[in-house]
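Residue strings, one per chain:
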Amino acid sequence: MLKRILALTKKEFIHLRNDWWLPAFMLFGGVLELMAVGWATARPISNLPLMVLDHDRSAASRSLVISLENTETFTLEAMVDDFQTIEDALERGQISAAIIIPPDYAEEMAASDGNPTLSMILNGAESVPATAALRAAEGVIASLNEKLIIKRLKLSPDEFSGFAPRLRVWFNEALSEALYTTPAEMGLMLEFTTLLFAALAFSRERELGTLEQLLVMPFSSLEIIIGKAIPVIVIAFTDFVLMLSMVHFVFKVPIRGSLPLLFILAFGYLLVELGKGMVLSVISKSQMQAFLLVLLFGMTDFMFTGYAAPVESMPQALQFVANIVPAHHWLEILRGILLKGAGMDVLWPHVAALAVLGTFIMTFSLRFVRKALD
Amino acid sequence: MTPAIITNNLTKRFGDFTAVNGINFEAKRGEIFGFLGPNGSGKTTTIRMMLGLLAPSAGDVQALGISVKGNQAELQQRVGYMSQRFSLYNDLTVQQNLQFYGAAYGLNNTDLKSRIQDALVMAGLEGRENAKTKDLSGGWRQRLALSAAILHRPELIFLDEPTAGVDPISRRAFWDLLYQLVADGVSVFVTTHYMDEAEHCHRLAFIQRGNIIARGTPAEIKKNMMQGQVLEIASSDAVNTIKILRAAESLDLQEVELYGSLVHVVAQNVEKKKKDIQKLLKKEKIQIEDMAVIEASLEDVFIASMK
Ligand SMILES: Nc1ncnc2c1ncn2[C@@H]1O[C@H](COP(=O)(O)OP(=O)(O)OP(=O)(O)O)[C@@H](O)[C@H]1O
Ligand SMILES: [Mg+2]
């Protein structure tokens, strides 16, 4: 039995070596993707183009514009004379934000009962920059407000004390997108690699016409499944370790929790996806069909991983579905261990969910594939 | 000894389409049994049922005296198979393919070594162990596939159109190997649609649209199925000869077919019609170089029986 399994595994590795570009593509494709995502999201958002329509043209209004520029969130695209220009620029996507300073801005600032106003227009079509712009503008205005109050109360700045919140962001101090996206990206790549190679296991031989030959050989269906699973596991796990090193050393994503725990859970998750991939493999008549099925399943899972949109803000029904998607629990575990240093005491609901789903999926897959092979 | 294969009312339906329709035949041990039929007639479907890859819709099949159903594990060790579509891994070398077959059948290392050597000799591939299988030409590849299929020394082998798309000399070489196997006591079940190969089989079954329409030795089939005799005509203009003879209804000819550069005429009492044919062709200014009643070939028989 062992000998036959090894013979099959050896044959699979020879295929992989001959078709080296496929594993290479998955490995380096994954790493490249990570680099692209990592670098694109590594730095906080800055230099958003800003247009200013200054009806006031006073020292006060100029100082406001300079304060906005000093945040580094904005760069001044242009000072303009009419609203039409702003409208056009926004429509073309040339600018992210515009502010309109009314003619009485300086006057209202100076008067002791003045009521200065200001309009700001944001390009909501790009919600991430718009949010960053809003945050930066609110900061500038809050400090202007503080100065105004100090002046009106006729105090010196040292005498003033007000509400001074101390905000701290845990787990991702710099609010760096890279810390959030790269682990998710890596987790998904593990899913894709496993699914794809598992899906090719049988569809490839069926397409080439060699599957029948394999089936008349004295392999038991279990031997075939194990023999074909080993190479997939080796490739997917290698891929995971490489990506983890990359994320850790290049993007400085911390590994705060236990590395052995992470590896054990990654391995468990990998087996679940392996089972799924093999089912896709035996129902596919060709490699292309298997590939498309992987894409379909991968995309559906992607939706529930909380990567594109937080699961918490989905409708109730979809939130429930997310709970039965193994990739969702896997990404929670991955982020938990990497960023929060979480251990089993915290992660157990996800681990338990993964174990239950995994047992279910693997039992089903094993039955299904064995039946298809007999 | 029990027959190599017995089928009993073997039937396969795909939906409401019947691919194999209640066939019965027996293949003896140590013989080449030929399974003949045009494309889509049900040859591969029948083989797949005999191997247990496909469950029959009705009827059953025995191989080597045991029922295929439920005994696949035992039969797998005693039976070999060379599938219609390529049965070797193209990206593996000759040696790697043979090693995989050997290991799959659980041969130990010393056996495996000597058998791989035998297989290489048999396929004529000594010295080319490290060639990629996809780089071999069709004839070599099929001989290698056969050597691989018998690496575990099966008592019965199934070959599904093993010589399709192979040149005549390689086909001859392949059949020489089959005769060697039979001489060693192996039973061979082979499908083909080459008539000349059919003549080389010990026993035949002819399948058409899922039904066996003839069975027996080549000689029996010719005797039983052929109504009438074959007249072979060598003339100065074969194409016009056919036109003229087909148009001549008064002669009551069953078949008029081109056979290479010759014309074959099939009819009852053809000897008596020779004179009329001669007369007719002379009138049309076609010269007859030679004309003789010959023994029918299988091709004549099948063309006649397909009408
Ligand atoms: N799985 C299947 N589902 C539906 N129809 C099938 C299936 N397998 C075969 N058939 C049909 O059954 C018929 C017989 O097919 P089979 O492959 O046995 O023919 P064959 O004699 O081997 O032909 P060829 O010489 O082309 O190999 C064909 O019409 C084929 O389309
Ligand atoms: Mg066929």
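Residues numbered from 1 in each chain as written. Chains lettered and ligands numbered in written order. Predicted model: local features only at pLDDT ≥ 70, side-chain atom pairs only at ≥ 80, totals over all residues. Heavy atoms only, no water.

*Asks:* What should I look at first to understand the packing of helix α10 (residues 259-283) of chain A against helix α14 (residues 344-373) of chain A in this one?
*Replies:* The description of two packed helices rests on the angle between their axes and on the distance between the axes. All names here are of chain A. Viewed as axis vectors pointing N to C, α10 and α14 meet at an angle of 30°, and their least axial separation amounts to 8 Å. Of the possible angle classes, the one that applies to α10 and α14 is roughly parallel. The two elements α10 and α14 meet at a crossing, and its hand is left-handed. Counted together, Leu261, Leu265, Tyr269, Leu271, Val272, Gly275, Lys276, Met278, Val279, Val282 and Ile283 of α10 and Met344, Val351, Leu354, Gly358, Ile361, Met362, Phe364, Ser365, Phe368, Val369, Ala372 and Leu373 of α14 form the full contact between these two elements. (Axes fitted to C-alpha atoms, helices over the stretch in contact; angles between N-to-C directions. Helix = DSSP H or I, 4+ residues; strand = E, 2+ residues; numbered from the N terminus. Parallel < 35°, antiparallel > 145°, perpendicular 65-115°, else oblique. Left-handed = near helix turned anticlockwise from the far one by under 90°. Contact = heavy atoms within 4.5 Å.)

*Asks:* Explanation requested: helix α10 (residues 270-283) of chain B in the structure shown.
*Replies:* Along an α-helix, a turn takes 3.6 residues, which lines up residues three or four apart on a common side. Helix length check: α10 of chain B, at 14 residues, gives a terminal C-alpha distance of 20 Å against a target of 20 Å (1.5 Å per residue), a fit within 8%. All of the buried residues in α10 of chain B are Val270, Lys273, Ile277, Leu280 and Leu281 of chain B. (Expected span 1.5 Å × (residues − 1). Buried < 20%, exposed > 50% of the residue type's maximum accessible area, 1.4 Å probe, protein only.)

*Asks:* Please clarify how the sheet that holds strand β4 (residues 58-63) of chain B should be interpreted in this entry.
*Replies:* The strands that make up a sheet pair up through hydrogen bonds in the backbone, lying either parallel or antiparallel. Residue and element names in this part refer to chain B. Spatially, 4 strands are ordered β2-β1-β4-β5 in an open sheet, and the strand pairing comes out antiparallel. Because the sheet does not close on itself, it has two edges, and the strands there are β2 (17-27) and β5 (66-67). Where β4 meets β5, 2 bridges bridge the pair, whose relative direction is antiparallel. Looking at the pairing, Ala63 lines up with Ile66 of β5. (Pairing = 2+ DSSP bridges.)

*Asks:* How should the interface of chain A and chain B be read in this particular structure?
*Replies:* At the interface, 25 residues of chain A touch 26 residues of chain B. For chain A, the biggest contributors to the area lost against chain B are Glu212, Gln213 and Val216 of chain A; these three give 27% of the whole. Where chain A meets chain B, there are 1 salt bridge. Arg48 of chain B serves as the salt-bridge partner of Glu212 of chain A, at 2.4 Å between the closest nitrogen and oxygen. Across the contact surface, chain A and chain B share 10 residue pairs in polar contact (both at pLDDT 80 or more). Within the residue set of the side of chain A that touches chain B, elements represented by two or more residues are α1 (2-18), α7 (177-208) and α8 (211-216) of chain A. A total of 10 residues in the side of chain A that touches chain B trace back to one element, the largest contributor, which is α1 of chain A. Tallied by class, residues from the side of chain A that touches chain B come to 10 nonpolar, 5 polar and 10 charged. (Buried area = accessible area lost by both parts, 1.4 Å probe. Salt bridge = Lys/Arg side-chain N within 4 Å of Asp/Glu carboxyl O. Polar contact = N/O pair within 3.5 Å; in protein donor to acceptor, adjacent residues only side chain to side chain. Nonpolar A, V, L, I, M, F, W, Y, C, P; charged D, E, K, R; others polar.)

*Asks:* Quick question: what am I supposed to make of the site of ligand 1 here?
*Replies:* Residues and elements named next belong to chain B. Around ligand 1 sit 13 residues in total, of which Gly40, Thr44, Thr45, Gln84 and Glu161 are the nearest. Taking Asn39, its side chain carries an N or O atom lying 3.0 Å from an oxygen atom of ligand 1. Within the contact set of ligand 1, an oxygen atom lies 2.8 Å away from a side-chain nitrogen or oxygen of Glu161. Burial of ligand 1 by the protein chains amounts to 62% of its free accessible area of 630 Å². Contributions of two or more residues to the shell around ligand 1 are made by β2 and α1 (43-50). For the shell around ligand 1, the leading source of residues is α1, giving 3 residues. (Near = heavy atom within 4 Å. Areas by Shrake-Rupley, 256 points an atom, 1.4 Å probe, with all protein chains shown as cover.)

*Asks:* What should I look at first to understand the coordination of the magnesium ion (ligand 2) in this one?
*Replies:* Octahedral metals with six donors have ideal donor angles of 90 or 180 degrees. Tetrahedral metals with four donors have an ideal donor angle of 109.5 degrees. All names here are of chain B. All of the protein donors around the magnesium ion (ligand 2) are Thr44 (OG1) and Gln84 (OE1); their distances to the metal are 1.8 to 2.2 Å. With Thr44 in helix α1 and Gln84 in the loop between β6 (79-82) and α3 (94-104), the pair connects residues that are 40 residues apart, well separated along the chain. When its relative accessible area of 24% is taken as the criterion, Thr44 is described as partly exposed. For Gln84, a relative accessible area of 37% puts it in the partly exposed group. (Donors = N, O, S within 2.8 Å, 3.2 Å for Na, K, Ca; no water.)

*Asks:* Teacher, can you tell me more about a negative patch on the surface here?
*Replies:* All names here are of chain A. Taken together, the side chains of Asp82, Glu87, Asp88 and Glu91 present a region of like negative charge at the surface. Within the secondary structure layout, Asp82 lies in the loop between β2 (74-80) and α4 (83-92). On the basis of relative accessibility, which here comes to 36%, the residue Asp82 falls in the partly exposed class. (Patch = residues over 30% accessible without salt bridge, like charges linked within 9 Å, V, L, I, M, F, W, Y side chains within 5 Å. Lys, Arg positive; Asp, Glu negative; His and termini not counted. Charge placed at Lys NZ, Arg CZ, Asp CG, Glu CD.)

*Asks:* Looking at this model, I keep getting lost on the pattern of salt bridges. Mind explaining?
*Replies:* Note on pairing: side chains with opposite charge can pair once their charged atoms come close. One pass over the structure, following the stated rule, counts 22 salt bridges over all chains. Measuring nitrogen to oxygen at the nearest pair gives 3.0 Å for the salt bridge that ties Arg4 of chain A to Glu223 of chain A. Of this pair, Arg4 of chain A sits in helix α1 while Glu223 of chain A sits in helix α9 (residues 221-249), and the two are 219 residues apart along the sequence. As a salt-bridge pair, Arg78 of chain B and Glu74 of chain B come within 2.9 Å of each other at their nearest N and O atoms. Taken together, the residues span about one helical turn, with Arg78 of chain B and Glu74 of chain B both in helix α2 (residues 72-78) at a distance of 4 residues. Arg78 of chain B sits in the partly exposed class, given a relative accessible area of 22%. Bridged by salt links that share partners, the residues Lys11, Glu12, Glu205 and Lys228 of chain A form one connected network.

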